[in-house]
Amino acid sequence: MNENGFYFGTPSPEGYLSLTSRAEFGGVYEYIIKGYSSSVTAGLLQRIKEELDSAHIDLTEFYSPGGSDGIFCPAAGFKIIDGTYPRQVEPLTFGARDAIVCTGDFQDTRYLESRAADITAALDERRYRLERCRRFLTAAKSISNDMKRLEASQIDHAKLNDYSNRLWKKYGGKLRARIGRERKRLVTCITSEGVELNLQAFDSMCERVVVISDKTGACAALIADILRARALSSGYDVITCVCPLSGNTEHIIIPELKFGIFVSKRFHRAAFENGSRVYARRFLNPSADDFKRRLDFSRKAFASLMNEAFSALEKAEEHEKMLDIIYFTATDNDALAQSVLAKIRARCY
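Described below are features of the structure shown in this document. (Residues numbered from 1 in each chain as written. Predicted model: local features only at pLDDT ≥ 70, side-chain atom pairs only at ≥ 80, totals over all residues. Heavy atoms only, no water.)

1. Remarks on the sheet that holds strand β8 (residues 182–185)
Convention followed: A pair of strands is considered paired only if DSSP assigns at least 2 bridges between the two. Every helix listed is a DSSP run of H or I at least four residues long, and every strand listed is a run of E at least two residues long, numbered separately from the N terminus. Every angle, taken between N-to-C directions, lies between 0 and 180 degrees, and every axis is a line fitted to C-alpha atoms, over only the stretch in contact when it is a helix. Only heavy atoms matter for contacts: two residues are in contact if any of them lie within 4.5 Å across the pair.
Across the sheet, which stays open at both edges, the 6 strands sit in the order β8-β12-β13-β14-β11-β15 with mixed pairing between neighbours. Since the sheet does not close on itself, it has two edges, and those belong to β8 and β15 (275–279), each with one partner. Sheet twist, expressed as the average angle between the axes of neighbouring strands with direction ignored, equals 25°. For β8 and strand β12 (residues 238–242), the ladder comprises 4 bridges, and the chain directions are parallel. Note on β12: the bridge partner recorded for R185 is C241. With respect to the sheet, helix α4 (residues 157–171) is in contact with β11 (208–213), β13 (249–254), β14 (259–264) and β15, its orientation differing from that of β11 by roughly 165°. Where helix α6 (residues 218–233) meets the sheet, its contacts fall on β8, β11, β12, β13 and β14, and the angle it forms with β13 comes to roughly 35°.

2. Notes on the packing of aromatic side chains
Spelled out, the test is: Stacked, edge-to-face and tilted are the three classes for Phe, Tyr and Trp ring pairs, Trp counted by its six-membered ring, which pair at centre distances within 6.5 Å; planes under 30 degrees apart are stacked, over 60 edge-to-face, the rest tilted. Residue burial is assigned from relative accessible area. The probe radius is 1.4 Å, only protein chains are included, and a residue is buried under 20% of its type maximum, exposed over 50%, and partly exposed in between.
For the structure shown, the criterion picks out 12 aromatic pairs. Centre to centre, the rings of F25 and F72 are 5.2 Å apart; their planes meet at 75°, and the pair counts as edge-to-face. Of the two residues, F25 is situated in the loop between β2 (15–18) and β3 (29–34) and F72 in strand β5 (residues 67–73); the sequence distance between them amounts to 47 residues. Residue F25 is classed as buried on the basis of its relative accessible area of 3%. Exposure remark for F72: the relative accessible area of 7% places this residue in the buried category. Judged by centre distance (5.7 Å) and plane angle (50°), the rings of Y36 and Y327 are tilted. Of this pair, Y36 sits in the loop between β3 and α1 (38–54) while Y327 sits in helix α7 (residues 292–330), placing them 291 residues apart in sequence. Each member of the pair, Y36 as well as Y327, carries the same accessibility label: buried. Ring pairing ties together the aromatic residues F8, F25, F62 and F72, which thus form one cluster.

Purely spatial values, then, with no claim about function.
Given below as structure tokens:
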């Protein structure tokens, strides 16, 4: 499956949310990169990717807002991922099934010592900004959950279930003697410029897309979960696109049926040429109008908190750039790449 249409990591209320450690990416030897900076890691991953591409070996690249979190290559029997803060990944077996790649082994420590004050200041400020972002995302999540609970209390479940059943009859498939497999992915991620959206997966995998316009996501989440459960129990694999804030189901894609459900909200609105649109308010009781003013106030507060999170990430990136300059200058990038490539060649092919 082409993974270019998905992200595998994003800032979240719990810290950095990464999908690279999921069981489906196991069963291979794992290299965990430790050390600064992101540009050094990006250069190393690019060299490995070029090596595999030249050998015509298939791979999955773990795309993230900043570029790449790593590479998964079952054909060559390895995975290599970034494990440096905020991507906090630790080895579990220390050599039996994993190993650390320490970029510090290939860096000029005297030069780094001479820049210790600058490095410490940049790291401290970057950590502060990332933690500030996390706190604002946590507050935004709390408001989002409150809005969902308020709207959920006004849902006409009979209408919603009837609509979900009609959707499955129209776009679903026949019952098969197997249980479908679920893959969790991200098509939205949180960046310094806002919520970044990648629609490539929907464009390439779906001939039909139902767009649910839902300001809180309460109705849409139920519909997506109903269709997800029906597909899995009927024997169809499902790609569940999780929400960066809650970690719960947001959008779904059923590749074999070439069908998807996309939830359109404030920070990720979309229209598809092959899509139809439904508005969540049709599933709400008439009394839901009484809560409109309260929801409008909450939505404004939610947007304000998210904008603060974006701003904190922007500040964090400024200090990341300073670290990039210092550490990239101090690193023998060619020696680092050759060392890792030698290990991969010796172990894998």
